[in-house]
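Structure assessment
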Amino acid sequence: EARKNITDPLQRLSLSQIGIAGVILGKEKRALIQEASGMGYIVKEGTLLGENSGIVTAITADGVTIKQHFQEYMGRVSTREVVLSLKKEEGVTGK
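Calculation rules
Residues numbered from 1 in each chain as written. Predicted model: local features only at pLDDT ≥ 70, side-chain atom pairs only at ≥ 80, totals over all residues. Heavy atoms only, no water. Helix = DSSP H or I, 4+ residues; strand = E, 2+ residues; numbered from the N terminus. Buried < 20%, exposed > 50% of the residue type's maximum accessible area, 1.4 Å probe, protein only. Contact = heavy atoms within 4.5 Å. Areas by Shrake-Rupley, 256 points an atom, 1.4 Å probe, with all protein chains shown as cover. Polar contact = N/O pair within 3.5 Å; in protein donor to acceptor, adjacent residues only side chain to side chain. Pairing = 2+ DSSP bridges. pLDDT = per-residue confidence, 0-100. Phe/Tyr/Trp six-rings, centres within 6.5 Å; stacked < 30°, edge-to-face > 60°. Lys NZ or Arg CZ within 6 Å of the ring centre and 35° of its normal. Axes fitted to C-alpha atoms, helices over the stretch in contact; angles between N-to-C directions.

Regarding the overall build of the protein chain
A tally of helices and strands in the protein chain yields one helix and seven strands. Put simply, the protein chain has 95 residues, and 33% of those count as buried. Nonlocal contacts in the protein chain, meaning residues at least 24 apart in sequence, comprise 34% of its contacts between residues at least 6 apart. Total accessible area computed for the protein chain in this model is approximately 6,200 Å², and 51% of it derives from carbon and sulfur atoms.

Next comes the structure, spelled out in structure tokens:
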């Protein structure tokens, strides 16, 4: 199975284990995500993130949008977008 070949720790995470700790807006938008253990990662648009071949498609002042492809129980491949919202007590920096 292809999942066994994943070496990037970001691709091993379930989106339910991830929180958005901060967003940096500017020429190149970036977001600081934090997993349940407290480990933080900086991501940008195009970063592979989460299970189901998730990819970061947008970073806004409100949070991060991730598009996932997953196989339904009947074998059909579907796509869904998940928006992880910025925690309200955290801040936004940038232009």
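Read on for the rest.
Side note on the environment of Gln68
Examined against the element boundaries, Gln68 turns out to sit in strand S5 (residues 63-71). Taking the relative accessible area as the measure of exposure, Gln68 reaches 3% and is therefore buried. Measuring from C-alpha to C-alpha, the distance between Gln68 and Leu48 comes to 9.7 Å, with 20 residues separating the pair along the chain. Not counting residues within four places of it along the chain, the set of residues in contact with Gln68 comprises Leu15, Glu51, Asn52, Ser53, Gly54, Ser78, Thr79, Arg80 and Val82. In this structure the side chain of Gln68 is engaged in a polar contact, spanning 3.1 Å, whose partner is the backbone oxygen of Glu51.

Concerning the pairing of strand S1 (residues 18-25)
Within S1, six of the eight residues are buried, leaving the element largely enclosed by the surrounding structure. Pairing of S1 with strand S2 (residues 30-35) involves six bridges; the strand directions are antiparallel. Within S2, the residue paired with Ile20 across the bridge is Ile33. The antiparallel pairing of S1 with S2 creates a hairpin that spans four residues between the two strands.

Re the confidence of the model for the protein chain
Within the protein chain, residue pLDDT values average 84, and 84% of them lie at 70 or more. Element-level mean pLDDT values for the protein chain span from 56 in strand S7 (residues 92-94) up to 95 in strand S4 (residues 55-60).

Concerning unusual backbone geometry
The phi angle at Asn52 is positive, at roughly 60°, despite the residue not being glycine. Locating Asn52 in the fold gives a position in the loop between strand S3 (40-44) and S4. You can call Asn52 partly exposed: its relative accessible area is 30%. At Ser53, a position not held by glycine, the phi torsion is positive, near 55°.

What to know about the packing of aromatic side chains
Summed over the entire model, instances satisfying the criterion amount to zero aromatic pairs. Over the aromatic face of Phe70 sits the side chain of Arg80, whose NZ or CZ is 4.6 Å from the ring centroid.

Concerning the sheet that holds strand S6 (residues 77-85)
Sheets are built from strands that pair by backbone hydrogen bonding, the pairs being arranged parallel or antiparallel. The sheet built from three strands is open, its strands ordered S4-S5-S6 with antiparallel pairing. In the strand order of this sheet, the two ends are held by S4 and S6, each with one partner. Taken pair by pair, the neighbouring strands of this sheet meet at an average axis angle of 20°, ignoring direction. Pairing analysis gives nine bridges linking S5 to S6, with the strands arranged antiparallel. Following the sheet pairing, Lys67 is matched in S6 by Glu81.

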